[in-house]
Amino acid sequence: ESPEAIPAAELDKKYKEFVNISMTRTVFMQNGVPFIYSAEGETYRSIAEANRLFLGELLGFNDLKSDTPLETGTVVYLSRKKSVAAPGVNKYVTGADGETLYGISQRFGIRLACLQKLNIILLGKELKAGDTVRLR
């Protein structure tokens, strides 16, 4: 038995408001911690909701105290970062002036507080190209 034909104009009116798009998203790993790159228009809140996390939980995973604007392409960790870098990754030499311990913590999947403890001598200093940051 063939299905009943519905005129296109009627179908368009009937289903105009209903759109269901299924998308998969690549989850990356850094130092054994899953992360994504933010997409245009996303917020920490929308990422938290999409991954069944509390906003405060997601912010904590990313060493943030409050929701901040999210630029496209930002690394967003979906789980707690590690206390040290991966084995064999002992230090990092900054490549440019103005890098921050926060940025380095996001790059290597290390909690900011742990990175600060490893690099007490760098606290309060502006990092310059060629500075060495301990990761383990």
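Computed from a predicted model, the values in this text were never measured in an experiment.

A.B. asks: With reference to specific residues and values, describe the overall build of the protein.
C.D. replies: What the protein contains, in helices and strands, is five helices and five strands. Every one of the 136 residues in the protein was classed for burial, and the buried ones make up 32%. In the protein, of all internal contacts separated by at least 6 residues, the share reaching a separation of at least 24 is 63%. Surface summary for the protein: the accessible area is close to 9500 Å², and the carbon and sulfur share equals 53%.

A.B. asks: How would you explain the packing of aromatic side chains if you had to name every residue and give the values?
C.D. replies: The final tally for this structure, using the stated rule, is five aromatic pairs. Their ring planes at 65° and their centres at 5.1 Å tell us that phenylalanine 28 and tyrosine 37 sit as a pair that is edge-to-face. Classification of phenylalanine 28 as partly exposed rests on a relative accessible area of 34%. A network of ring pairs unites the aromatic residues Phe28, Phe35, Tyr37 and Tyr77 as a single cluster.

A.B. asks: I'd like a description of the sheet that holds strand E2 (residues 33-37), backed by residues and values.
C.D. replies: With antiparallel pairing, three strands are arranged side by side in an open sheet as E1-E2-E3. Every interior strand has two partners, whereas the edge strands, strand E1 (28-30) and strand E3 (75-77), have only one. Adjacent strand axes in the sheet meet at a mean angle of 45° when their direction is disregarded. In terms of strand pairing, E1 meets E2 through three bridges, oriented antiparallel. If you follow glutamine 30 over to E2, its bridge partner there is valine 33. Docked against the sheet, helix H4 (residues 101-108) engages E1 and E3, running at close to 70° with respect to E3.

A.B. asks: If you had to explain H4 to someone new, which residues and values would you point to?
C.D. replies: The set of residues buried in H4 consists of Leu101, Ile104, Ser105, Gln106 and Phe108. Buried residues belonging to H4 abut E1, E3, strand E4 (91-93), helix H5 (112-118) and strand E5 (132-134). Glycine 109 sits one or two positions beyond H4 and adopts a positive phi of about 70°.

A.B. asks: Run through the side chain of serine 105, naming residues and quoting values.
C.D. replies: Relative to the assigned elements, serine 105 resides in helix H4. Reaching out from serine 105, the side chain makes a polar contact with the backbone oxygen of tyrosine 102 at a distance of 2.6 Å.

A.B. asks: Residue-level account of the pattern of salt bridges, with values.
C.D. replies: Counting across every chain of the model gives three salt bridges. Between lysine 81 and aspartate 63 there is a salt bridge whose closest N-O contact spans 2.5 Å. Of the two residues, lysine 81 sits in the loop between E3 and E4 while aspartate 63 sits in the loop between helix H3 (55-61) and E3, which places them 18 residues apart along the sequence. With a shortest N-O distance of 3.8 Å, glutamate 126 and lysine 128 are connected by a salt bridge. Of the residues examined, glutamate 126 reaches a relative accessible area of 54% and is grouped as exposed. On the accessibility criterion, lysine 128 (40% relative accessible area) is partly exposed.

Basis of the calculations
Residues numbered from 1 in each chain as written. Predicted model: local features only at pLDDT ≥ 70, side-chain atom pairs only at ≥ 80, totals over all residues. Heavy atoms only, no water. Helix = DSSP H or I, 4+ residues; strand = E, 2+ residues; numbered from the N terminus. Buried < 20%, exposed > 50% of the residue type's maximum accessible area, 1.4 Å probe, protein only. Contact = heavy atoms within 4.5 Å. Areas by Shrake-Rupley, 256 points an atom, 1.4 Å probe, with all protein chains shown as cover. Phe/Tyr/Trp six-rings, centres within 6.5 Å; stacked < 30°, edge-to-face > 60°. Pairing = 2+ DSSP bridges. Axes fitted to C-alpha atoms, helices over the stretch in contact; angles between N-to-C directions. Polar contact = N/O pair within 3.5 Å; in protein donor to acceptor, adjacent residues only side chain to side chain. Salt bridge = Lys/Arg side-chain N within 4 Å of Asp/Glu carboxyl O.

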